[in-house]
Amino acid sequence: GAGVSQSPRYKVAKRGQDVALRCDPISGHVSLFWYQQALGQGPEFLTYFQNEAQLDKSGLPSDRFFAERPEGSVSTLKIQRTQQEDSAVYLCASSLVKSYEQYFGPGTRLTVT
Amino acid sequence: GQQLNQSPQSMFIQEGEDVSMNCTSSSIFNTWLWYKQDPGEGPVLLIALYKAGELTSNGRLTAQFGITRKDSFLNISASIPSDVGIYFCAGRRNRDDKIIFGKGTRLHILP
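As a starting point, this report considers the structure included with it. Each chain carries its own residue numbering, running from 1 in the written order of its sequence. Labels follow written order: the first chain is A, the first ligand is 1, and so on. This being a predicted model, a pLDDT of at least 70 is required before a residue's local features are given, and a value of 80 or more before pairs of side-chain atoms are given or counted; all residues contribute to the totals for chains, interfaces and linings. Side-chain calculation: all heavy atoms of the structure are included, whereas hydrogens and water are not.

In this section: the overall build of chain A. Helix numbers and strand numbers start at the N terminus; a helix is a DSSP run of H or I with at least 4 residues, a strand a run of E with at least 2. Helix and strand counts for chain A come out as zero helices and 11 strands. Along chain A, helices and strands appear, N-terminal first, in the series β-β-β-β-β-β-β-β-β-β-β. With the C-alpha coordinates aligned to their principal axes, the bounding extent of chain A is approximately 40 × 25 × 25 Å. Only protein chains enter the accessibility calculation, which uses a 1.4 Å probe; a residue whose area is less than 20% of its type maximum is buried, one above 50% is exposed, and one in between is partly exposed. Within chain A, the fraction of its 113 residues that count as buried is 46%.

Here the focus is the interface of chain B and chain A. With 21 residues of chain B at the contact, the number on the chain A side is 19 residues. The term buried area denotes the loss of accessible surface (1.4 Å probe radius) that occurs when two parts are joined, taken as the sum for both partners. When the two sides are added together, the surface that chain B and chain A hide from each other amounts to roughly 1600 Å², 52% of it contributed by carbon and sulfur. Counting the surface chain B buries against chain A, the share from its top three residues, Lys-98, Ile-99 and Phe-101 of chain B, is 26%. What makes a salt bridge here is a side-chain nitrogen of Lys or Arg within 4 Å of a carboxyl oxygen of Asp or Glu, nothing more. The interface formed by chain B and chain A contains one salt bridge. One salt bridge in this structure joins Asp-56 of chain A and Lys-98 of chain B, with 3.3 Å as the shortest N-O distance. By the criterion applied in these results, polar contacts are pairs of N or O atoms within 3.5 Å in which, for protein atoms, one can donate a hydrogen and the other can accept it, and in which residues neighboring in sequence qualify only through two side-chain atoms. In this structure, the connection of chain B to chain A is made through seven residue pairs in polar contact (both at pLDDT 80 or more). When residues of the side of chain B that touches chain A are traced back to their parent elements, those giving at least two are strand S4 (29-37), strand S5 (44-49), strand S9 (85-93) and strand S10 (99-101) of chain B. Looking at the side of chain B that touches chain A element by element, the count peaks at four residues for S4 of chain B. Taken together, the residues of the side of chain B that touches chain A break down into nine nonpolar, six polar and six charged. The contact criterion used is simple: two residues touch if any of their non-hydrogen atoms lie within 4.5 Å. Throughout, the ten residues Ala, Val, Leu, Ile, Met, Phe, Trp, Tyr, Cys and Pro are labelled nonpolar, Asp, Glu, Lys and Arg are labelled charged, and all others, Gly among them, are labelled polar.

Ring pairs are drawn from Phe, Tyr and Trp, using the six-membered ring of Trp, whenever the two centres fall within 6.5 Å, and their geometry is named by plane angle: stacked under 30 degrees, edge-to-face over 60, tilted for the rest. Taken as a whole, this structure holds 10 aromatic pairs over all chains when the rule is applied. Geometrically, the ring pair formed by Phe-104 of chain A and Tyr-35 of chain B is edge-to-face, given 5.4 Å between the ring centres and 90° between the ring planes. Placement of Phe-104 of chain A in strand S10 (residues 103-104) and of Tyr-35 of chain B in strand S4 is noted, with the two residues assigned to different chains. A relative accessible area of 11% places Phe-104 of chain A in the buried class. An aromatic cluster of three or more residues is present, and its members are Phe-33, Tyr-35, Phe-45, Tyr-48 and Phe-104 of chain A together with Tyr-35 and Phe-101 of chain B.

Residue and element names in this part refer to chain A. Most of strand S4 (residues 31-37) sits inside the fold, with six of its seven residues counted as buried. Sheet analysis places S4 next to strand S9 (residues 88-95), joined by seven bridges and oriented antiparallel. For Trp-34, the partnering residue across the bridge sits in S9 and is Cys-92. In this description, strands pair whenever DSSP reports at least two bridges between them.

Here the focus is the nonpolar core. In summary, soluble globular proteins display a tendency toward joint burial of nonpolar side chains. Among buried residues, those of type Ala, Val, Leu, Ile, Met, Phe, Trp, Tyr and Cys that are joined through side-chain atoms within 4.5 Å constitute a nonpolar core. Trp-32, Trp-34 and Leu-74 of chain B are the most contacted members of the largest nonpolar core, which has 22 residues in total. Among the secondary structure elements, those contributing two or more residues to this core are strand S2 (10-14), strand S3 (19-25), S4, S5, strand S7 (61-65), strand S8 (71-76), S9 and strand S11 (105-110) of chain B. Beyond its immediate sequence surroundings of up to four residues, Leu-74 of chain B is in contact with Val-19, Ser-20, Met-21, Trp-34, Leu-46, Ile-47, Leu-61, Thr-62, Ala-63 and Tyr-87 of chain B. Judged by nonpolar contacts, the second largest core, of 20 residues, contains Val-4, Leu-60, Ala-88 and Val-112 of chain A.

Covalent bonding between the sulfur atoms of two cysteines is what defines a disulfide. Residues and elements named next belong to chain B. Cysteine sulfur pairs qualify as disulfides if the two atoms are within 2.5 Å. Within this structure, the stated rule accounts for two disulfides over all chains. The disulfide partner of Cys-23 is Cys-89, and the gap between their sulfur atoms is 1.7 Å. One end of the pair, Cys-23, is in strand S3; the other, Cys-89, is in strand S9, and 66 residues separate them in sequence. The burial state of Cys-23 is the same as that of Cys-89; both residues are buried.

Right, let's get into the sheet that holds strand S1 (residues 4-7) of chain B. Residues and elements named next belong to chain B. Across the sheet, five strands lie side by side as S1-S3-S8-S7-S6; this open sheet has antiparallel pairing. Looking at strand neighbours, the two that pair on one side only are S1 and strand S6 (55-58), the edges of this open sheet. Averaged over all adjacent pairs, the angle separating strand axes in this sheet is 15°, with direction ignored. As paired strands, S1 and S3 are joined by four bridges and run antiparallel to one another. Bridging across to S3, Asn-5 finds its partner in Thr-24. Inter-axis angles, ranging from 0 to 180 degrees, are taken between N-to-C directions of lines fitted to C-alpha atoms, where helices are fitted over the stretch in contact.

Here it is in structure tokens:
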């Protein structure tokens, strides 16, 4: 079956621009996670949804970061007024409810110039 | 910041050799996960461990959940070229259920 998909795969933004990153989870997966992965580092948790409810957003680095999952399926991570330090790979993962076996998408590489 | 110490940071081995890497933490974890990430791709789940002392295999890979619940190791036997990549451990932290990733072990296979 289809895995987690993310789009775009690559995004170049000028500092100050807004960006929107999309995640399509595996069908039937209730839980959805966003991670930020800096170069040479492991993924770092940003936020977590169960269906449409955002249950944990403690990892979002600033109020410029916003995530939504309005219908409990596709999710969008939005970054407003991008800064150079936002340059990273943004990974989306999904899992069955109460399962910690997360399945990752290929990521979106964001470069802010 | 991250709380998992993963070692070694990188390894250079000959094809056919066995590989061992580990992950330690100052916190107790309820679940240990091992992932492999290839360049330009997301991490792929290799093994999940749920009980202290649990030893689980997946082909040539074997992982164990440490008895103290603060460590885990991953072994790869008879390495082959496609084993090249970055291996991440991840643990589900007991106090808040959050999954924390290590910084990865980069595996290189010498020709």
